Amino acid sequence: MHLDIITPDKKVFAGEANAVTLPGTDGQFQVLNSHAPLVSSLKRGDVIVDISGAKQTYTIDGGVVEVLNNKVLVLAEAIL
C-alpha cells in the first residue's frame, strides 16, 4: 500500500509499506494491505512503518489518518 505522512511544514514520508501501526485516540491499531476504508483521529504517539521487515518510527503530536483504496494518508500536527 502507498503511505504518505504529512505535517503542515513538509512531507515526512512517501512510499510503499507492508503495514502501518498508528496511535488512535481509542487505542493503537494497525493497517495492512487492502484494509477497509477508514478515517480516524490520532493522539500523540508512534507511527511505526513496516517496509519489508524493516521498521521506521515517527513520533507524531496527534492528527488524522485516512485509509482508502490501498492508500494511507497521515495528516500529523507535528513530528516530535
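One can find the structure itself at the top, above this paragraph.
Reading the values: rules and limits
Residues numbered from 1 in each chain as written. Predicted model: local features only at pLDDT ≥ 70, side-chain atom pairs only at ≥ 80, totals over all residues. Heavy atoms only, no water. Helix = DSSP H or I, 4+ residues; strand = E, 2+ residues; numbered from the N terminus. Contact = heavy atoms within 4.5 Å. Core = buried A, V, L, I, M, F, W, Y, C linked by side-chain atoms within 4.5 Å. Buried < 20%, exposed > 50% of the residue type's maximum accessible area, 1.4 Å probe, protein only. Pairing = 2+ DSSP bridges. Salt bridge = Lys/Arg side-chain N within 4 Å of Asp/Glu carboxyl O.

Asker: Whenever I open this one, the environment of F29 confuses me. Can you help?
Answerer: Tracing the sequence through the fold places F29 in strand β4 (residues 27-32). As a C-alpha pair, F29 and S52 span 23 residues in sequence and 19 Å in three-dimensional space. Those residues in contact with F29 that sit more than four places away from it in its chain are V20, T21, L22, G24, L38, S40, L42 and V65.

Asker: What should I look at first to understand the nonpolar core in this one?
Answerer: Nonpolar side chains in soluble globular proteins tend to end up buried together. Counting residues in each nonpolar core, the largest one holds 18 residues, and the members touching the most others are L3, I5, L22, V49, V72 and V74. Mapped onto this core, the elements with two or more residues apiece are β1 (2-6), β3 (19-24), β5 (38-51), β6 (54-68) and β7 (71-76). Here the element with the most residues in this core is β6; it accounts for four residues. Sequence-distant contacts of V49, defined by excluding residues within four places in its chain, comprise L3, I5, F13, A17, A19, A54, K55, Q56 and Y58.

Asker: How should unusual backbone geometry be read in this particular structure?
Answerer: Excluding glycine, a negative phi dihedral is what most residues carry, and trans is how most peptide bonds are arranged. Positive phi, close to 60°, is recorded for S34, a residue that is not glycine. Here S34 shows up in the loop between β4 and β5. At S52, a position not held by glycine, the phi torsion is positive, near 50°.

Asker: Before we go on, may I ask you to explain the side chain of S40 in this structure?
Answerer: Looking at the element boundaries, S40 is found in strand β5. Residue class for S40 comes out buried when judged on its relative accessible area of 18%. Other than its neighbours up to four places away in sequence, S40 contacts F29, G63, V64 and V65.

Asker: Just checking my understanding: could you explain the pairing of strand β2 (residues 11-16) for this structure?
Answerer: Inspection of the sheet shows β1 paired to β2 by five bridges, in the antiparallel sense. Paired with I6 across the two strands is K11, which belongs to β2.

Asker: Sorry, what's going on with the pattern of salt bridges here?
Answerer: Between side chains of opposite charge, pairing is possible as soon as their charged atoms come close. Per the counting criterion, the structure on display carries three salt bridges. Between R44 and D61 there is a salt bridge, with the nearest N and O atoms lying 2.9 Å from each other. Here the residue R44 occupies a position in strand β5, and D61 occupies one in strand β6, the gap between them amounting to 17 residues. Accessibility expressed as a relative area gives 29% for D61, which makes it partly exposed.

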